[in-house]
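Notes for the structure review
Spelled out, the chains give:
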Amino acid sequence: MNRSWPGDTARAGRLWPFAALSAGYFAHIGFFNPYLPLWLQELGYGLWAIGVMTSLQSATRLFAPYLWGWLSDRSGEPVRWLRVCAGAALLLSLGLWWQPAPVWLPLVLLLLFSYTSAMMPLSETVLAHAVSAGGRFDAHRYGRVRLWGSLGFLITVLAAGAWFERHGLSSFPFWANVTLVLVVGAAWAMPHWRDTPHSHGAGGAGVWPVLRQPVVAWFFVSLFLHVLAHVFIYIFFSLYLDRLGYGKGTIGALWATAVIVEIAWFFTQGRWLPRLALEQWLVMASALTVARMAATAWGAAWLPVLLLAQSVHAISFAAHHTVCIALINRHFPGQLRARGQALYSLVGYGCSGVTAGALGGWISSRYGLQAVFVAAMAAAAAATAAAAMVRRAPWAGAAARRGS
């Protein structure tokens, strides 16, 4: 396999384009995801329509990353397709300025998400090579790059909240344009990596024998339910707080709290993760999610309760994500690893996202926004039960303690 990097671009000093792309992409996500529901509400859309339109992002994850990944594999040029996706997303974001017909905005969002949802998988393909030496993945250098993504999210979620609080949401399309300009610039600054085009044969074991293992089946059940609870937060949390009378600056600060504890966890997780088996962390993360959703549903009138609930994000999201990646690598080794990660994305963030948007929209329009978080609590409780089934697998705990 031939990988060429002009000018030894894999050196640490040449990782800045990857850091810039991560910062720009998550800066876009940091304003877009929290404030899109509020912008749609200001345009006059009802709760069900808002739920459906925001769930389009998850719907595109069912197909878009695989389409662009297939093109990347066929051509051996992931950076080329990353630039195509970034440029197309920027052009499509211009369509947010107009709403000439009822179907226009949903169509623009569908197409926009079809490109933005593929950016990070393509970027990760190149970054993983850039931070590797002699076939060994350098997690420290990788973390230094991804840290800029969290910081980009944190800065824009706070800045956008303060801006929208003072000036209103009419400038929402402008923020989309500017952040995607940053993404396009970073994509073109990346080294043009060319991989020898290749195809993945059908050799080796398939995924179905792995999926038929009870421990793996229960893992995916737990994954779906756990992320489902979180997507309810992602879609409806800002709307819920807005209805309760919180200002946009406070809403941004609450989102930022979750990101800050996420960053802290990723920096220190090497100290904490070895203390429990992976399956035990899986159960703990889902159990704490039950408490987080209960506090959000019934304690949202008190800001300290919301701050505490958002702080649980360190375990309910960050620790859960790391544990899931480790379990996927264990159960889908070698030639199965890419397909295992694809299933993780599809089940965890595609299926659960679509379900949360449609179901949450129906629940909120019929029973109110508080009921959405009661449903999230129920999903997290079911996820905890499924995670407990994973933990009870005869060999699961022993494998986790071996560090496999």
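Above this note sits the structure.
Below is a summary of the structure that appears in this document. Note that the structure is predicted; figures quoted are calculated from it, not measured.

Another aspect to go through is the overall build of the protein chain. Each helix and strand counted, the protein chain has 16 helices and 4 strands in total. When burial is assessed residue by residue, the protein chain has 52% of its 404 residues classed as buried. A separation of at least 24 residues holds for 84% of the contacts in the protein chain among residues at least 6 apart in sequence. Split by element, the accessible area of the protein chain, about 17,400 Å² in all, is 67% carbon and sulfur.

Right, let's get into the nonpolar core. Core analysis: the largest hydrophobic core is formed by 117 residues, its most contacted members being Phe32 and Met119. Ranked by residue count, the leading element in this core is helix 9 (residues 214-243), at 17 residues.

Summed over all chains, the structure comprises 15 aromatic pairs. Consider the rings of phenylalanine 31 and tryptophan 175, whose centres lie 5.9 Å apart with planes at 40 degrees: the pair is tilted. Here the residue phenylalanine 31 occupies a position in helix 1 (residues 16-42), and tryptophan 175 occupies one in helix 7 (residues 172-189), the gap between them amounting to 144 residues. With respect to class, phenylalanine 31 is no different from tryptophan 175; both count as buried. Measuring from centroid to centroid gives 5.3 Å for tyrosine 35 and phenylalanine 164, while their planes differ by 70 degrees, and the two rings are edge-to-face. Within this pair, whereas tyrosine 35 is found in helix 1, its partner phenylalanine 164 is found in helix 6 (residues 139-167), the two being separated by 129 residues in sequence. For the pair tyrosine 35 and phenylalanine 164, one class covers both residues: buried. Aromatic ring contacts, followed pair by pair, group Phe31, Phe32, Tyr35, Trp39, Phe113, Phe164, Phe172 and Trp175 into a single cluster.

Right, let's talk about the side chain of threonine 179 for a bit. Here threonine 179 shows up in helix 7. Judged by relative accessible area, which is 5%, threonine 179 ranks as buried. From its side chain, threonine 179 meets the backbone oxygen of tryptophan 175 in a polar contact 2.8 Å long. Leave out the neighbours within four places in its chain, and threonine 179 touches Gly24, Ala27, His28 and Phe31.

Looking now at the environment of tyrosine 45. If you trace the backbone, tyrosine 45 turns up in the loop between helix 1 and helix 2 (47-60). Overall, tyrosine 45 belongs to the partly exposed group, its relative accessible area being 22%. Apart from residues lying up to four places away in sequence, tyrosine 45 is in contact with Leu40, Ile50, Met53, Pro102 and Leu105.

Let us look at a nonpolar patch on the surface. Side chains of Leu91, Leu94, Trp97, Trp98, Trp104, Phe174 and Val178 sit close together on the surface and give an oily, nonpolar patch of about 720 Å² of accessible area. Here phenylalanine 174 is to be found in helix 7.

On to helix 4 (residues 78-93). The end-to-end C-alpha separation of helix 4 is 22 Å, in line with the 22 Å expected for 16 residues at 1.5 Å each. Among the residues of helix 4, those classed as buried are Pro78, Val79, Trp81, Leu82, Arg83, Cys85, Ala86, Ala88, Ala89 and Ser93.

Here we come to the side chain of histidine 226. Residue placement: histidine 226 occurs in helix 9. Using a relative accessible area of 1% as the deciding quantity, one classes histidine 226 as buried. Only 2.9 Å separates the side chain of histidine 226 from the side chain of serine 286, close enough to count as a polar contact.

Attention shifts here to the packing of helix 9 against helix 13 (residues 313-331). Where helix 9 contacts helix 13, the axes come no closer than 12 Å and their chain directions differ by 150 degrees. Judged on the interaxial angle alone, helix 13 and helix 9 are roughly antiparallel. Here the hand of the crossing between helix 9 and helix 13 comes out left-handed. For the pair helix 9 and helix 13, the contacting residues are Val215, Val216, Phe219, Phe220, Leu223, His226, His230 and Tyr234 in the first and His313, Ser316, Phe317, His320, Cys324, Leu327, Ile328 and His331 in the second.

Parameters and conventions
- Residues numbered from 1 in each chain as written.
- Predicted model: local features only at pLDDT ≥ 70, side-chain atom pairs only at ≥ 80, totals over all residues.
- Heavy atoms only, no water.
- Helix = DSSP H or I, 4+ residues; strand = E, 2+ residues; numbered from the N terminus.
- Buried < 20%, exposed > 50% of the residue type's maximum accessible area, 1.4 Å probe, protein only.
- Contact = heavy atoms within 4.5 Å.
- Areas by Shrake-Rupley, 256 points an atom, 1.4 Å probe, with all protein chains shown as cover.
- Core = buried A, V, L, I, M, F, W, Y, C linked by side-chain atoms within 4.5 Å.
- Phe/Tyr/Trp six-rings, centres within 6.5 Å; stacked < 30°, edge-to-face > 60°.
- Polar contact = N/O pair within 3.5 Å; in protein donor to acceptor, adjacent residues only side chain to side chain.
- Patch = residues over 30% accessible without salt bridge, like charges linked within 9 Å, V, L, I, M, F, W, Y side chains within 5 Å.
- Salt bridge = Lys/Arg side-chain N within 4 Å of Asp/Glu carboxyl O.
- Expected span 1.5 Å × (residues − 1).
- Axes fitted to C-alpha atoms, helices over the stretch in contact; angles between N-to-C directions.
- Parallel < 35°, antiparallel > 145°, perpendicular 65-115°, else oblique.
- Left-handed = near helix turned anticlockwise from the far one by under 90°.

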